[in-house]
Amino acid sequence: MNNLDQLADNKLTEYVGKAPIGDTIGLVIANVDQQILDNLHLDKKYHSLGILGARTGAGPHIMAADTAVKATNTEVVDIELPRDTKGGGGHGSLIIFGGDDVSDVRQAVSIALEDVKRTFGDVYSTDAGHLEFQYTARASQAVHKAFGAPLGKAYGLVCGTPAAIGVVIADVAVKTAAVEVLSVASPAHGTSVSNEAMVHITGDSGAVRQAVISAREVGKVLLGNLSGTEPKNEFPSYI
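What comes next concerns the included structure. (Residues numbered from 1 in each chain as written. Predicted model: local features only at pLDDT ≥ 70, side-chain atom pairs only at ≥ 80, totals over all residues. Heavy atoms only, no water.)

1. Things to note about the packing of helix α3 (residues 58-71) against helix α4 (residues 102-119)
Helix packing geometry: the angle between the two helix axes and the distance between the axes.
Then step 1. The interhelical angle for the contact between α3 and α4, taken along N-to-C directions, is 135°, at an axis separation of 8 Å. It follows that α3 is oblique to α4 by the angle criterion. In this structure, the crossing between α3 and α4 has a hand that is right-handed. Packed against α3, whose contacting residues are P60, H61, M63, A64, A65, T67, A68 and A71, the element α4 presents A108, I111, A112, D115, V116, R118 and T119 at the interface.
Then step 2. Classifying every residue of the contact of α3 with α4 gives 10 nonpolar, three polar and two charged. (Axes fitted to C-alpha atoms, helices over the stretch in contact; angles between N-to-C directions. Helix = DSSP H or I, 4+ residues; strand = E, 2+ residues; numbered from the N terminus. Parallel < 35°, antiparallel > 145°, perpendicular 65-115°, else oblique. Left-handed = near helix turned anticlockwise from the far one by under 90°. Contact = heavy atoms within 4.5 Å. Nonpolar A, V, L, I, M, F, W, Y, C, P; charged D, E, K, R; others polar.)

2. Re the sheet that holds strand β5 (residues 93-99)
Then step 1. In spatial order, the strands read β1-β2-β3-β5-β4; together these five strands make up an open sheet with antiparallel pairing. Each having just a single partner strand, β1 (15-19) and β4 (75-80) make up the two edges of the open sheet. Taken pair by pair, the neighbouring strands of this sheet meet at an average axis angle of 15°, ignoring direction.
Then step 2. Where α3 meets the sheet, it contacts β2 (24-29), β3 (48-54), β4 and β5, and its direction lies at approximately 10° from that of β5.
Then step 3. Relative to the sheet, α4 contacts β1, β2, β3 and β5, its axis offset from that of β1 by approximately 10°. (Pairing = 2+ DSSP bridges.)

3. What to know about unusual backbone geometry
Then step 1. The omega angle of the peptide bond from T161 to P162 is 0°, so this bond is cis rather than trans.
Then step 2. Within the secondary structure, P162 sits in the loop between β8 (154-161) and α6 (163-176).
Then step 3. At D23, a residue that is not glycine, the phi angle is positive and equals roughly 50°.
Then step 4. Following the sequence through the fold, D23 ends up in the loop between β1 and β2.
Then step 5. Judged by relative accessible area, which is 42%, D23 ranks as partly exposed.
Then step 6. For V193, which is not a glycine, the phi torsion comes out positive at approximately 55°.
Then step 7. Inspection of the secondary structure puts V193 in the loop between β9 (180-185) and β10 (197-203). (Buried < 20%, exposed > 50% of the residue type's maximum accessible area, 1.4 Å probe, protein only.)

4. Thoughts on the environment of T85
Then step 1. Within the secondary structure, T85 is located in the loop between β4 and β5.
Then step 2. Once the C-alpha coordinates of T85 and T56 are considered, the two residues, 29 residues apart in sequence, prove to be 9.0 Å apart.

5. Here's the deal with the nonpolar core
Then step 1. Counting 34 residues, the largest nonpolar core has I62, V76, I95, F97, V143 and Y155 as the members making the most contacts within it.
Then step 2. Looking at this core, the elements with two or more residues in it are β1, α3, β4, β5, α4, α5 (141-147) and β8.
Then step 3. If we ignore the near neighbours within four places in the chain, the residues touching I95 are G50, I51, L52, H61, I62, A65, V76, D78 and I79.
Then step 4. Formed by 22 residues, the second largest nonpolar core is a distinct cluster that contains V158, A177, V179 and I201. (Core = buried A, V, L, I, M, F, W, Y, C linked by side-chain atoms within 4.5 Å.)

6. Observations concerning a nonpolar patch on the surface
Then step 1. Residues V168, V218 and L222 make up a contiguous nonpolar surface patch of about 190 Å² in total accessible area.
Then step 2. In this structure, L222 sits in helix α7 (residues 205-227).
Then step 3. Assessed through its relative accessible area of 30%, L222 is described here as partly exposed. (Patch = residues over 30% accessible without salt bridge, like charges linked within 9 Å, V, L, I, M, F, W, Y side chains within 5 Å. Areas by Shrake-Rupley, 256 points an atom, 1.4 Å probe, with all protein chains shown as cover. Salt bridge = Lys/Arg side-chain N within 4 Å of Asp/Glu carboxyl O.)

7. A short note on the sheet that holds β10
Then step 1. Reading across the sheet, the five strands line up as β6-β7-β8-β10-β9 and stay open at both edges, with antiparallel pairing between neighbours. With one partner strand each, in any of the chains shown, β6 (123-126) and β9 form the two edges of the open sheet. Going from strand to strand, the sheet's axes swing by 10° on average, the running direction of each strand aside.
Then step 2. Bridge count between β8 and β10: seven bridges; the pairing is antiparallel. Considered in β10, the bridge of V158 is made with V199.
Then step 3. Where α3 meets the sheet, it contacts β6, β7 (129-136) and β8, and its direction lies at approximately 20° from that of β7.
Then step 4. Packing of α6 onto the sheet brings it into contact with β7, β8, β9 and β10, and relative to β8 it is tilted by some 150°.

Written out as structure tokens, the structure reads:
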């Protein structure tokens, strides 16, 4: 147990834990000060808040938050994607859960922290850029709020850095299977001016998954050629 974990047991009631990737921390506020609450741009003004924050990897954190709200009596009341220089071409993330009971929001944060190790399974990196792929057969609140995915429907994300690669693999995904494009984001349209391009898709679950897999295979070849090294993922692929 490290020092922060030891302090959390005794004094730091706000600290829930951390994940081993993305500089990811989980926190909770049992009863947020009213002045802070009034000035946060939250959908609902819950007094018990869970907070998931990271320097890199916004997509994995949103997907992990989606898992968390499915399993707990909480809502995602805010998602922000800050531009973070540590993220290379991508974002950081700030995700806030709200609930009536602090134990619920703490549980949501704990579940999300654990799930981040799964959702980073299809993030592939080199010094030249990164690729990110996400898939769920049933989108919930977080994915709906962040990306406009229809609730309860299959959702896929295809993302590439530099943005040039992202545009190409977005096209590959949509040409591969009969999917519906929810939106396309590029550096000046829909990202935090990051060097990424991405497509958000929905449709039949099998078609969405196949579209994401096809884009992944092309993206790995393109990024590998650019960097001269094979793109690597730090955790096992889940798609």
